[in-house]
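# Coordinate analysis (summary)
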Amino acid sequence: PAEVTPTPDAPPPAPDELDFALVRLADRFGDADFRGEPRGWISLPAAPPPLVVGDPLIIVQHPDGFPIRMAIDTEAILPTPPPQRPRIRYATNTLHGSSGSPCFTMDWELVALHHFGDPAWTEPKFNQGVPAPLIWADIEAAGFGSLLGQAPGA
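Small disclaimer: the values here were computed from a predicted structure and weren't measured.

Among the nonpolar cores identified, the biggest contains 11 residues, and these are Leu18, Leu44, Ile58, Val60, Phe104, Leu110, Val130, Ala132, Ile135, Trp136 and Ile139. If you list the elements that add at least two residues to this core, you get strand S3 (57-61) and helix H1 (132-141). If one sorts the elements of this core by residue count, H1 sits on top with four residues. By size, the runner-up hydrophobic cluster in this structure holds 10 residues, among which are Ala76, Ile88, Cys103 and Val111.

A surface patch of nonpolar side chains, about 430 Å² in accessible area, is lined by Met70, Ile72, Met106 and Trp108. In this fold, Met70 is placed in strand S4 (residues 69-73).

Before going further, it helps to examine the sheet that holds strand S7 (residues 110-117). Taken in spatial order, the six strands of this open sheet run S4-S3-S6-S7-S8-S5, and their pairing is antiparallel. The open sheet has two free edges, formed respectively by S4 and strand S5 (88-90), since each of these has just one partner strand. Across the sheet, the mean angle separating the axes of adjacent strands is 35 degrees when strand polarity is ignored. Direction of pairing for S3 relative to S4: antiparallel, over a ladder of five bridges. The residue of S4 that forms the bridge with Gln61 is Arg69. Docked against the sheet, H1 engages S7 and strand S8 (127-131), running at close to 35 degrees with respect to S8.

Quick look at H1 now. Those residues of H1 that sit buried are Ala132, Pro133, Ile135, Trp136 and Ile139. Buried residues in H1, looked at end-on, bunch into an arc of 155 degrees, giving them a common side. On the buried face of H1, the contacting elements are S7 and S8. Positive backbone phi, at 90 degrees, marks Gly143, one or two positions downstream of H1.

Before going further, it helps to examine the packing of aromatic side chains. If you walk through the whole model with that rule in mind, you get one aromatic pair. The side chain of Arg39 reaches across the aromatic face of Phe34, ending 5.6 Å from its centre. A cation over a ring is seen here: Arg89 above Phe126, with NZ or CZ 4.0 Å from the ring centre.

One can find Val60 in strand S3. C-alpha of Val60 to C-alpha of Pro102: the two residues are 42 residues apart in sequence and 5.9 Å apart in space. Beyond its immediate chain neighbours, meaning those up to four positions away, Val60 contacts Ile68, Arg69, Met70, Ser101, Pro102, Phe104 and Trp108.

To continue, consider the layout of surface pockets. Quantified by volume, the largest pocket comes out at close to 1900 Å³. Together, 40 residues line the largest pocket, and Leu25, Phe29, Gly40, Trp41 and Ile42 are the ones closest to its centre. Taken together, the elements giving at least two residues each to the lining of the largest pocket come down to S3, strand S6 (102-104), S7 and H1. With three residues, the top contributor of residues to the lining of the largest pocket is H1. For the lining of the largest pocket, a count of residues per class yields 25 nonpolar, 11 polar and four charged.

Reading the values: rules and limits
- By convention here, each chain's residues receive numbers from 1 onward along its written sequence.
- A pLDDT threshold of at least 70 governs which residues receive local features in this predicted model, and a stricter bar of 80 or more applies before side-chain atom pairs are shown or counted, although totals over entire chains, interfaces and linings include all residues.
- Values shown for side chains rest on all heavy atoms present in the structure; no hydrogens or waters enter the calculation.
- Put simply, a nonpolar core is a bunch of buried Ala, Val, Leu, Ile, Met, Phe, Trp, Tyr and Cys residues held in one set by side-chain atoms that sit within 4.5 Å of each other.
- Burial status follows relative accessibility: with a 1.4 Å probe on protein chains alone, a residue under 20% of its type maximum counts as buried, one over 50% as exposed, and anything between as partly exposed.
- Put simply, DSSP H or I for four residues or longer makes a helix, DSSP E for two residues or longer makes a strand, and each gets a number counted from the N terminus.
- In this scheme, patches are assembled from residues that exceed 30% relative accessible area and form no salt bridge. Like charges are connected within 9 Å, while nonpolar side chains (Val, Leu, Ile, Met, Phe, Trp, Tyr) are connected within 5 Å.
- A 1.4 Å probe and the Shrake-Rupley method give the accessible areas. Residues count as covered only by the protein chains that appear here.
- Each salt bridge in this description consists of a side-chain nitrogen of Lys or Arg and a carboxyl oxygen of Asp or Glu lying within 4 Å of one another.
- A pair of strands is labelled paired if DSSP reports no fewer than 2 bridges between them.
- Axis definition: a line fitted to C-alpha atoms, over the contacting stretch in the case of helices. Angles run 0 to 180 degrees between N-to-C directions.
- Whether two residues are in contact is decided by their heavy atoms, any of which lying within 4.5 Å being enough.
- Starting at the helix axis, one direction is taken to each C-beta atom, and the arc is that of these directions.
- Only Phe, Tyr and Trp rings are paired, with Trp represented by its six-membered ring, and only when their centres lie within 6.5 Å; those with planes under 30 degrees apart are stacked, over 60 edge-to-face, the remainder tilted.
- Here, over-ring charges are defined by two tests on the NZ atom of lysine or the CZ atom of arginine: distance to the ring centre within 6 Å, and angle to the ring normal within 35 degrees.
- Only protein atoms enter the 1 Å grid used here, on which a cavity is any set of points holding a 1.4 Å probe that cannot leave and a pocket is any open set flanked by protein within 12 Å on both sides along at least five of seven lines; residues with an atom within 4 Å of a point are listed as lining.
- Grid points are joined across faces, edges and corners, and a volume is the space filled by probe spheres set on the points.
- Charged means Asp, Glu, Lys or Arg here, nonpolar means Ala, Val, Leu, Ile, Met, Phe, Trp, Tyr, Cys or Pro, and polar covers whatever is left, Gly included.

Structure (structure tokens):
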């Protein structure tokens, strides 16, 4: 509810308000041929990669259905929101329609799914994403952990 108001920190989102969808496809899309190689998969981490204020962030987006675009900010990670707020904040700019885009470290580690921009549209101060490990935990808690493969380091 808070993220549809001008004050996105009050009330904080509940731990189960992660804004993602798990979709089962008819085929294993990552096994599909792409230029003579399997397309591949992005691993969903069970543990968060370390992030420090000022770290860079890459967002791979398809804004409003347009071709793929990359948003890169070399000083992106902003101070963490209050602990009860299950989000990561960053300065990386995205285009309208980019919610759900994966957010990566410079080492291509998935850290979040882009979720939301500052409601202060005229002078936005942040974008934010749902941390990937929280999504992993939610999928496991719902009984679909076997769809994720093996946890990194397991």
